[in-house]
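Okay, here's what each chain looks like letter by letter:
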Amino acid sequence: EPEVTQTPSHQVTQMGQEVILRCVPISNHLYFYWYRQILGQKVEFLVSFYNNEISEKSEIFDDQFSVERPDGSNFTLKIRSTKLEDSAMYFCASRRDGGTNEKLFFGSGTQLSVL
Amino acid sequence: LAKTTQPISMDSYEGQEVNITCSHNNIATNDYITWYQQFPSQGPRFIIQGYKTKVTNEVASLFIPADRKSSTLSLPRVSLSDTAVYYCLVGERAGTASKLTFGTGTRLQVTL
């Protein structure tokens, strides 16, 4: 089965530093997502991306966050100035289209620890 | 998106059938019901999706009554490796970049 690949698997950073989380969605997928999960809590939607622009974003996705698809394969999440509360597992997901019967494929996540 | 309610946790012995029920009283006409499984430190994984009646795949069955206000995920003969959190999601499957909203899920613990 095709996979969504995320790197790195773990990222440790100092508060205030910028981090970039990287994802390679499945090659023929057109819709991309970032979710996060704080330890012990539920999976939270951050942002969806289609046709090179943000389709929808949650309240969590404030000005400190940005997404980009710099080339034909990568999809990145940037946090400009990390805060302690940004510590979480970040999941990238993709789906082929937003239409019929399309399941969402998730990556294995990047565990971000902000010290 | 319709809100879902499911039990916080369930326990089962290996080899038993497990049924997890999800309530979605406000489900809309266009909404589909999708179940995901999540192991610790991994991303959620699609299990099954349905609109009405019964759907079965190699992993599970999904039972949806006529009013569609609830659904039941059935896992036949669970094993220790089925210990995970199971999420019921309801939402439109059509439209541009429709999101999925996860609830708290049901934590299934399978023991010997």
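Since this is a predicted model, take the numbers as computed values, not measurements.

Chemist: Break down the sheet that holds strand S2 (residues 18–23) of chain B for me, citing the residues and quoting the values.
Modeler: Residue and element names in this part refer to chain B. Taking strand neighbours across the sheet as the criterion, the four strands line up as S2-S7-S6-S5 in an open arrangement whose pairing is antiparallel. At either margin of the open sheet sits one strand with a lone partner, and together these are S2 and strand S5 (53–56). Across the sheet, the axes of successive neighbouring strands diverge by a mean angle of 15°, strand direction being ignored. As paired elements, strand S6 (residues 61–64) and strand S7 (residues 70–75) share three bridges and run antiparallel to each other. Bridge pairing in S7 links Leu-62 to Leu-73.

Chemist: Kindly report on the environment of Leu112(B), identifying the contributing residues and their values.
Modeler: Within the fold, Leu112(B) resides in the segment after strand S9 (106–111). A relative accessible area of 74% means that Leu112(B) is categorised as exposed.

Chemist: Please set out the environment of His10(A) residue by residue, giving values where relevant.
Modeler: Residue and element names in this part refer to chain A. Tracing the backbone through its elements, the reader meets His-10 in strand S2 (residues 10–13). On the basis of relative accessible area, His-10 is assigned to the exposed category, the value being 60%. Spatially, the C-alpha atoms of His-10 and Ser-66 are 20 Å apart, while their sequence positions differ by 56 residues. Within polar-contact distance, the side chain of His-10 engages the side chain of Ser-9 at 3.3 Å.

Chemist: So, the nonpolar core: which residues are in play, and what are the values?
Modeler: Counting 22 residues, the largest nonpolar core has Trp34(A), Leu46(A), Phe61(A), Val67(A), Phe75(A), Leu77(A) and Tyr90(A) as its most contacted members. Elements that contribute at least two residues to this core include exactly strand S3 (19–24), strand S4 (31–37), strand S5 (44–50), strand S7 (65–68), strand S8 (75–79), strand S9 (88–95) and strand S11 (110–114) of chain A. Apart from the residues lying within four places of it in its own chain, the contact partners of Phe75(A) are Leu21(A), Arg22(A), Cys23(A), Pro25(A), Phe32(A), Tyr33(A), Trp34(A), Phe49(A), Val67(A), Glu68(A) and Cys92(A). One finds Ile20(B), Ile48(B), Leu62(B) and Val90(B) within the second-largest nonpolar core, a separate group that totals 20 residues.

Chemist: Talk me through the side chain of Thr13(A); I want residue IDs and the actual numbers.
Modeler: All names here are of chain A. Tracing the chain through its elements places Thr-13 in strand S2. In this structure Thr-13 comes out as buried when scored by relative accessible area, which is 9%. Filtering out sequence-adjacent residues up to four positions away, Thr-13 remains in contact with Val-19, Thr-82, Leu-112, Ser-113, Val-114 and Leu-115.

Chemist: Report on the pattern of salt bridges, specifying residues and quantitative values.
Modeler: All names here are of chain A. For the structure shown, the criterion picks out one salt bridge over all chains. Where Arg-36 meets Glu-44, a salt bridge forms, and the shortest distance between an N and an O atom there is 3.1 Å. Comparing Arg-36 with Glu-44, the two get one shared label, buried.

Chemist: Lay out the sheet that holds S7(A) in plain terms, naming residues and giving numbers.
Modeler: All names here are of chain A. Strand order in the open sheet made by the four strands is S1-S3-S8-S7, with antiparallel pairing throughout. The strands lining the two open edges of the sheet, one partner per strand, are strand S1 (5–7) and S7. Looking at each pair of strands side by side, their axes are set apart by 20° on average, direction ignored. Direction of pairing for S1 relative to S3: antiparallel, over a ladder of three bridges. The residue of S3 that forms the bridge with Gln-6 is Cys-23.

Criteria and cut-off values
Sequence positions are assigned chain by chain, starting from 1 and proceeding in written order. Both sets of labels track the order of writing: A upward for chains, 1 upward for ligands. Under the rules for a predicted model, residues below a pLDDT of 70 receive no local features and side-chain atom pairs below 80 are neither given nor counted, while totals for whole chains, interfaces and linings still include all residues. Computation of side-chain values covers all heavy atoms of the structure but excludes hydrogens and water. Strands are labelled as partners when DSSP assigns at least two bridges between them. What counts as a helix is a DSSP run of H or I of at least four residues, what counts as a strand is a run of E of at least two, and both are numbered from the N terminus. Angles run from 0 to 180 degrees between N-to-C directions of axes, and those axes are lines fitted to C-alpha atoms, restricted for helices to the stretch in contact. Only protein chains enter the area calculation, which uses a 1.4 Å probe; residues under 20% of their type maximum are buried, those over 50% are exposed, and those in between are partly exposed. Each polar contact in these results corresponds to two N or O atoms within 3.5 Å; when the atoms are within protein, one needs to be able to donate a hydrogen and the other to accept it, and residues that are neighboring in sequence are counted only if both atoms are side-chain atoms. Note on terminology: a nonpolar core comprises buried Ala, Val, Leu, Ile, Met, Phe, Trp, Tyr and Cys residues joined through side-chain atoms within 4.5 Å. Two residues qualify as a contact provided that any one of their heavy atoms is within 4.5 Å of a heavy atom in the partner residue. Basic side-chain nitrogens of Lys or Arg form a salt bridge, by our definition, when they fall within 4 Å of a carboxyl oxygen of Asp or Glu.

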